[in-house]
Structure formats: structure tokens, C-alpha cells
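Structural description and commentary
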Amino acid sequence: MRAVHLIVPFAAPLSDAGRAALRSLELPRLRELLARLPARVHDDGVETSFSPPHERALALALGFAGGDGQLPWAAWHAAQDGATDLGDLAWGELTPAHWHLGTEQISFLDPAGLALDEAASRAFFEAVAPLFTSEGCLLRWGAPLRWYLAHESLAELRTASPDRVIGRHVDAWLTEQPEVRLVRRLQNEVQMLLYTHPLNDEREARGLPTVNSFWLSGCGSAQPVRGRVPTVDTRLRGPALNEDWAAWCQAWQTLDAGPVAELLAARARGQAIKLTLCGERSSVACEAGGAWQSLRARLARPMPHELLESL
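The notes below deal with the structure included here. (Residues numbered from 1 in each chain as written. Predicted model: local features only at pLDDT ≥ 70, side-chain atom pairs only at ≥ 80, totals over all residues. Heavy atoms only, no water.)

Structural notes on the pairing of strand β11 (residues 283-287)
Consecutive side chains along a regular strand alternate between the two faces of the sheet. Along β11, 4 of the 5 residues are buried, which leaves the element largely enclosed by surrounding structure. With antiparallel pairing between neighbouring strands as the criterion, strand β10 (residues 273-278) and β11 make up a hairpin whose turn holds 4 residues. (Buried < 20%, exposed > 50% of the residue type's maximum accessible area, 1.4 Å probe, protein only. Helix = DSSP H or I, 4+ residues; strand = E, 2+ residues; numbered from the N terminus. Pairing = 2+ DSSP bridges.)

Here's the deal with unusual backbone geometry
Unlike most non-glycine residues, Phe10 shows phi in positive territory, near 55°. Tracing the sequence through the fold places Phe10 in the loop between β1 (4-8) and α1 (16-23). Residue classification places Phe10 among the buried residues on the basis of a relative accessible area of 5%. The backbone phi angle of Ala115 is positive, close to 55°, even though this residue is not glycine. On the secondary structure map, Ala115 appears in the loop between β5 (106-108) and α5 (118-133). By relative accessible area, which is 53% here, Ala115 ends up exposed.

Some remarks on the packing of aromatic side chains
Summed over the entire model, instances satisfying the criterion amount to 9 aromatic pairs. Ring geometry for Phe50 versus Trp173: centroids 5.7 Å apart, planes at 70°, classification edge-to-face. Of the two residues, Phe50 sits in the loop between β2 (39-43) and α3 (53-62) while Trp173 sits in the loop between α6 (162-165) and α7 (180-195), which places them 123 residues apart along the sequence. A relative accessible area of 7% means that Phe50 is categorised as buried. (Phe/Tyr/Trp six-rings, centres within 6.5 Å; stacked < 30°, edge-to-face > 60°.)

With respect to the sheet that holds strand β8 (residues 213-221)
Spatial ordering of the open sheet is given by β6-β7-β3-β8, a layout of 4 strands whose pairing is antiparallel. Looking at the sheet topology across the chains shown, the edges are occupied by β6 (138-143) and β8. Each strand axis lies, on average, 25° off the axis of its neighbour in the sheet, ignoring direction. Summarising the sheet, strand β3 (residues 90-97) and strand β7 (residues 146-150) pair through 4 bridges and their orientation is antiparallel. Its bridge partner being in β7, Glu93 is matched across the sheet by Tyr148. The strands that α5 touches are β3, β6, β7 and β8; relative to β6, the one it contacts most, it runs at about 170°. (Axes fitted to C-alpha atoms, helices over the stretch in contact; angles between N-to-C directions. Contact = heavy atoms within 4.5 Å.)

Okay, structure coming up:
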């Protein structure tokens, strides 16, 4: 039987409100699963890393190499979106975005809130494309929130995941690398182009947020997948990024009753299973250990929130 590996991003929050919500959660299936999967491997990190723990865990499972902020997600996503001409080029993923100008900072709103369908996304893509092609870039449209850019300067460019930047000051995630100068110039040009663009006039008339910039991430050349592709359950992501802890708790309970329960059932059938829980700093991978470890884990009966708070 095939091994079953589940990765859960945003399984644990950092904020006080989020941690209070976590302590109120009853997750009986997760508690039972943790008692049966005693072997735990921590991937310790910090909340300021460019690659969040769930991306590091997925890269490890796929066999991707790369430093912090240098994992080739753009090329991988582009291939999944049907791009067949990636070659040896270095690709980056462009996420259409709304940057909110506050009194003290510019923050990056969750792109899901743009509610971009394919027609609208393609229209914005065609509007900004000449700015990129004039710089010698190759562009590909992949999905409403996934555009792709190829350029030689992207080969080793370190960029932050959108999941790091959403709701935060964008300048903190723009490095001083020489290659970033081109990105900053293109961001400024895109902002000027779209500021009074008819596409945004129409969106404002409909009460929708404007598309006024982009975020670049996941740069690098394509790498072969050297491991089994795990299941990544993202249902906690939206509530966590929007700090809606009531919705986050409800999503966790649904996750506990669904995929976590399915992992328990798979183990009962004799399948090898693995659970990777990811916070904003670290992750923990839980999988079957020896008989003595299993006995100790059953006697300990760990509480889920105690493990999750370590992430």
C-alpha cells in the first residue's frame, strides 16, 4: 500500500488571541493519532524566514533543494498549470495583488480577496505584460492568481512566500539583492499603469478591491520530483491569515473529523502514515516508531495544544 502523508499549514498561531483559541480546541482524533505516531522530527525556524514551515516540509517531501526563499515553486506550479516549455530557464511566480497604503506602512492583502476570475485575471495580465517583455522577460498566464515570469536574474533570487507577506509591511520582505532592483522598478511601473486603469475603475464601481501591484516568489529553475507528493490541506490558511480564530477553530474541528480521522483509518488498515503539523516558525513530522516508543506515547497521551504551541 502507498504511504499516506498529510501536511497541515497554519496548524498553530503565534498571536495571543490565536493561542487562546488553540487551547479551547477539542481535537480527539488528533490526540489519538499523536499517541500512535511517537517519532517526531522538528524543523525549527523563525517567523521571519522567507520560506514558511509548510513550504519547507513540502520541499523536503518532493526532494527539492534550495535555501530559505529559494525553493522553485514557480516552475513546479507552472508545470502543474500546463506549461510545457520551461526548459532550463529560471522562473518566478507573479501573484496579482492589492497593496494597501496605511498611515505608516504598505501592506499586502490576501489575493483571494480580489475575487479574480479567469477573464479578469487575463485582462490584467495582458495590460501589464508589455512592461515585463520590454525588460526581456518571458511571461506565461497560469491561473487567476498565478502568473509566471522567466528571466536570467531569477536563478538565485531570494524571495518571500506570499504566505509570509499577507497582512504585513511589504518592505520588510524586499531584500537588498541587486536583482531586486528590477523587481522594484517593475512594481512601481505596474502601480502607475494600473492606478487609473479602466479595469480598476470597473472594479471600484462594483465595490471590489483594485489590482494595483504584484508579488514575486518561488524563483528558480525546475527540479525533478524525487519523492511522493503529499496531501497539503490548506483549510486553516485563510482564517489564520485573516485572524478569524472562530473560523480557524471550526476549520480545525472539520480537519480533525475528516483527514485526521482518515489517517487513523489508514493506519488501522496497515498503511504507513505520516503527519506534518506546521506553525509559523517550525513544523513537526510524526510517523510510526518502534514498539517501545509506541507504548511510551500511549502512556503519555499528549495533548494536541501542547505540541502545537511548540510550533
